[in-house]
Amino acid sequence: MGTVEPQVSTAQDAPQAQSIDGFQLVIDALKLNGLDTIYGLPGIPITDLTRRAQAEGMRVLAFRHEQSAGYAASIAGFLTKTPGICLTVSAPGFLNGLNALAHATVNCFPMILISGSSEREIVDLQQGDYEEMDQLAIARPVAKAAFRVLHAEDIGVGIARAIRAAVSGRPGGVYLDLPAKLFAQTIDAAAGRQSLIKVVDPAPKQIPATDAVKRALDLLKGAKKPLIILGKGAAYAQADADVRTLVEKTGIPYLPMSMAKGLLPDTHEQCASAARSFVLPAADVVMLIGARLNWLLSHGKGKTWGGQKFIQIDISPQEADSNVRVDAPLVGDVGSCVSALLAGINAGWPKPPAEWLAAVAEKKKGNVAKMTETLAKNPTPMNFHSALNVVRDIVRDNPDAMFVNEGANALDFTRSIVDMYQPRKRIDVGTWGIMGVGMGYCVAAAVTTKQQVIAIEGDSAFGFSGMEVETICRYDLPVCIVVMNNNGVYKGTDVDPTGRDPAPTVFVKGARYDKLMEAFGGVGVNATTPAELRKGMQEAIRSRKPTLINAVIDETAGTESGRITSLNPSAKKK
Ligand code: ADP
Ligand code: TZD
Ligand code: MG
């Protein structure tokens, strides 16, 4: 903005040695706590914060829209178990970041949204300040916690509280409001440094109670048709070896939720994904590990289920019974709960009855055979299946790659066709089924893991954050984006019955998303066949250059709302 910049010190005219300003205290407090990456977008009053943080060695990733920066911060939190930091300007920038803050809270990802804000005196009297807004009040309902710091000497406490709130217990999004005046405030340097807090044990272990562990083990032991469901809370916990041992020692079939795919390889013989609609109603005892019985699991009731008993491992003591009765709640962190269970599972632990395992295996076999047949077809034009058959091979050959996925059909088909082999590789639309996370996730995945990133994007989904391809090119990140281009939302075939406008679900036909990438120096590929798609992806991974492949998909191939057609009121009526 070219308007009235407030008087702030810059790196060049830094405050005197004996005093320290708000900018510096914020940077020092973050660094002291190991928070070395900021996802944000500069402007009044935080421009100098971004400059000085970079000058002090922090990684400052500047985006084209705060929403993408926010989604990046949220998923960085999921991947690292430390709060992802998103930094925005006041009112409009803050609101752009707010969606991601809500997303972090809903998905239980630790994140801190730090926004500059206007002067309290003016905002509270509603006198019309530059970008005036009561941001704290607006953030509160969608955040796990929200704080404001008014005095430089409280910056240390403010950041410590934000960190604890974000990562302890059930993780979530925290809002930290920093008014413009705070940044330029100076205090005595020694006192300032003394006021900073290095948070000790920010996410303390939560050990489950002994009787709760026994209750869970007793229920599990008596089960005739047990099932384990792994959720993204289990992925988040990073207790991968123990979770795997629990599954393998008990021999119980398991279902991974979308972002828990790869916690054990999807090709594991106990993986029941290919028999999902059989095991859910048939199981008699289901153990949920870091997964909620929300809409994604049909609330634990109805025809998807069979009135079974539930064991639920969750860090939130309020989660059990939220949809149906939970017979054995186990409150604690996944690592502590699983190791407590393992301590009670000795060599004599009974394997599930052979009939149950055989029935699951039989169902799997049938469904896998059907899928193999579908994937082997090579129709013209290319459809979701023939394209995803390629993606499946590429991921199998590159199991370290991070995998981003959003869209409707482009999401649902990918989730069921593309196997994951390692924990926390698959990151997607999450609890809300939100579009727009794609490019922000790509940036954070590349930056936090340094691995190749593969993104499978619906053409609509991609559009929500498409401008961030410039960000990906600017930081030269190893990201290969595949846009599953079916000319629209779900399909490209709708027409306006009046003949006036394009239908609300369709886009420009034959759009070339690959050209967008070329505009910023990345590699663009137009792929109309599986062979072209394979070549493009292989080359992208070999070169590690930012690449966008426009995969031309049959515009008739998708279904309304992908797999969740039944949630769509008008489609239901039909
Ligand atoms: P999914 O969508 O994969 O089913 P959800 O987001 O619905 O997963 O559920 C994740 C659950 O995991 C939440 O209820 C959350 O409280 C819980 N959770 C998050 N982190 C941990 C942890 N470290 N230990 C135990 N539970 C956790
Ligand atoms: N806006 C936001 C933020 N999130 C949403 N989920 C939607 C709108 C609604 N929506 C979906 O649930 S999927 C989708 C939208 C707009 C896009 C589907 O089209 P696509 O995927 O091109 O991404 P397919 O492959 O064509 O189905
Ligand atoms: Mg589409």
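Fair warning: this is a prediction, and the values are worked out from it, not measured in the lab. (Residues numbered from 1 in each chain as written. Chains lettered and ligands numbered in written order. Predicted model: local features only at pLDDT ≥ 70, side-chain atom pairs only at ≥ 80, totals over all residues. Heavy atoms only, no water.)

Among the 16 residues in the neighbourhood of ligand 2, the closest are listed as Asn409, Gly433, Asp459, Ser460 and Asn486. Taking Gly433, its main chain carries an N or O atom lying 2.8 Å from a nitrogen atom of ligand 2. Backbone polar atom of Ala461 to an oxygen atom of ligand 2: 2.9 Å apart, as the coordinates give it. Here ligand 2, which alone exposes 600 Å², has 76% of that area covered by the protein. Of all the secondary-structure elements, those providing two or more residues to the shell around ligand 2 are helix H17 (409-417) and helix H19 (459-463). Residue contributions to the shell around ligand 2 peak at three residues, all from H19. Of the residues that constitute the shell around ligand 2, the class distribution is eight nonpolar, seven polar and one charged. (Near = heavy atom within 4 Å. Polar contact = N/O pair within 3.5 Å; in protein donor to acceptor, adjacent residues only side chain to side chain. Areas by Shrake-Rupley, 256 points an atom, 1.4 Å probe, with all protein chains shown as cover. Helix = DSSP H or I, 4+ residues; strand = E, 2+ residues; numbered from the N terminus. Nonpolar A, V, L, I, M, F, W, Y, C, P; charged D, E, K, R; others polar.)

Contact geometry of helix H16 (residues 384-397) with helix H22 (residues 530-543) gives a least axis separation of 9 Å together with a crossing angle of 30 degrees. In terms of orientation, H16 lies roughly parallel with respect to H22. Two packed elements cross with a definite hand, and for H16 against H22 that hand is right-handed. Contacts between H16 and H22 pair Ser386, Ala387, Val390, Val391, Asp393 and Ile394 from the former with Pro530, Leu533, Arg534, Met537, Gln538 and Ile541 from the latter. (Axes fitted to C-alpha atoms, helices over the stretch in contact; angles between N-to-C directions. Parallel < 35°, antiparallel > 145°, perpendicular 65-115°, else oblique. Left-handed = near helix turned anticlockwise from the far one by under 90°. Contact = heavy atoms within 4.5 Å.)

Attention now moves to the pattern of salt bridges. All chains considered together, the criterion is met by 27 salt bridges. The partner of Asp124 in a salt bridge is Arg120, with the nearest N and O atoms 2.3 Å apart. Taken together, the residues span about one helical turn, with Asp124 and Arg120 both in helix H5 (residues 120-124) at a distance of four residues. With relative accessibility at 10%, the residue Arg120 sits in the buried group. (Salt bridge = Lys/Arg side-chain N within 4 Å of Asp/Glu carboxyl O. Buried < 20%, exposed > 50% of the residue type's maximum accessible area, 1.4 Å probe, protein only.)

Moving on to the nonpolar core. Ranked by internal contacts, the top residues of the largest apolar core, which has 132 residues, are Tyr39, Ile289, Ile427 and Ile481. Among residues more than four places away in sequence, those in contact with Tyr39 are Leu61, Phe63, Ala69, Ala72, Ala73, Ala76, Ile85, Cys86, Leu87, Ala444, Val447 and Thr448. Among the nonpolar cores identified, the runner-up in size contains 30 residues, and Phe384, Ala401, Met537 and Ile553 belong to it. (Core = buried A, V, L, I, M, F, W, Y, C linked by side-chain atoms within 4.5 Å.)

Turning next to the packing of aromatic side chains. Taken as a whole and assessed by the stated rule, the structure comprises nine aromatic pairs. With 6.3 Å between their ring centres and 55 degrees between their planes, Tyr39 and Phe63 make a pair best called tilted. In this pair, Tyr39 sits in strand S2 (residues 37-40) while Phe63 sits in the loop between strand S3 (59-62) and helix H3 (66-80), placing the two residues 24 residues apart along the sequence. Here Tyr39 and Phe63 have matching classes, each one buried. (Phe/Tyr/Trp six-rings, centres within 6.5 Å; stacked < 30°, edge-to-face > 60°.)

Let us look at the layout of surface pockets. One number sums up the size of the second largest pocket: a volume of about 260 Å³. Taken together, 16 residues line the second largest pocket, and the ones lying closest to its centre are Asp36, Thr37, Tyr39, Thr80 and Thr448. Listing elements by their share of the lining of the second largest pocket, those giving two or more residues are S2, H3, strand S4 (84-88) and helix H18 (438-449). At three residues, the largest contribution of residues to the lining of the second largest pocket is made by H3. Grouping the constituent residues of the lining of the second largest pocket by class yields six nonpolar, seven polar and three charged. (1 Å grid on protein atoms, 1.4 Å probe; cavity = no way out; pocket = protein on both sides within 12 Å on 5 of 7 lines; lining within 4 Å. Points joined across faces, edges and corners; volume = space filled by probe spheres on them.)

It is worth spelling out the coordination of the magnesium ion (ligand 3) at this point. Protein-derived coordination of the magnesium ion (ligand 3) comes from Asp459 (OD), Asn486 (OD1) and Gly488 (O), at a distance range of 2.0 to 2.1 Å. In this structure Gly488 comes out as buried when scored by relative accessible area, which is 3%. (Donors = N, O, S within 2.8 Å, 3.2 Å for Na, K, Ca; no water.)

We now examine the sheet that holds strand S19 (residues 547-552). If you walk across this open sheet you meet the six strands as S15-S14-S16-S17-S19-S18, and the pairing is parallel. Across the chains shown, the open sheet's two edge strands, defined by having one partner strand only, are strand S15 (426-428) and strand S18 (523-527). Strand-to-strand twist in this sheet, taken as the mean axis angle between neighbours without regard to direction, amounts to 15 degrees. Looking at chain direction, strand S17 (residues 479-485) and S19 are connected through six bridges and run parallel. Bridging across to S19, Met484 finds its partner in Ala551. (Pairing = 2+ DSSP bridges.)

In this section: the sheet that holds strand S10 (residues 254-256). Across the sheet, which stays open at both edges, the five strands sit in the order S10-S9-S11-S12-S13 with parallel pairing between neighbours. Each end of this open sheet is capped by a strand with a single partner; those strands are S10 and strand S13 (328-331). For this sheet, the mean angle separating the axes of adjacent strands, direction not counted, is 15 degrees. Sheet analysis places strand S12 (residues 309-314) next to S13, joined by four bridges and oriented parallel. Counterpart to Gln312 in the pairing with S13 is Pro329. This element, helix H10 (residues 210-221), spans strand S11 (285-289), S12 and S13 of the sheet and lies at about 135 degrees to S13.

Turning next to the site of ligand 1. Close to ligand 1 lie 19 residues; Arg170, Lys232, Arg292, Asp314 and Val334 are nearest. Here an oxygen atom of ligand 1 sits 2.5 Å away from a polar atom, N or O, in the side chain of Asp314. Between a nitrogen atom of ligand 1 and a main-chain N or O atom of Val334, the distance comes to 2.9 Å. Relative to its free-state accessible area of 590 Å², ligand 1 is covered by the protein chains to the extent of 97%. Per element, the largest residue contribution to the shell around ligand 1 is four residues, and it comes from helix H11 (residues 232-237). Broken down by class, the residue content of the shell around ligand 1 amounts to eight nonpolar, six polar and five charged.

A separate point is a nonpolar patch on the surface. On the surface, Trp295, Leu296, Ile564 and Leu567 cluster together into a nonpolar patch covering about 330 Å² of accessible area. In this fold, Trp295 is placed in the loop between S11 and S12. (Patch = residues over 30% accessible without salt bridge, like charges linked within 9 Å, V, L, I, M, F, W, Y side chains within 5 Å.)

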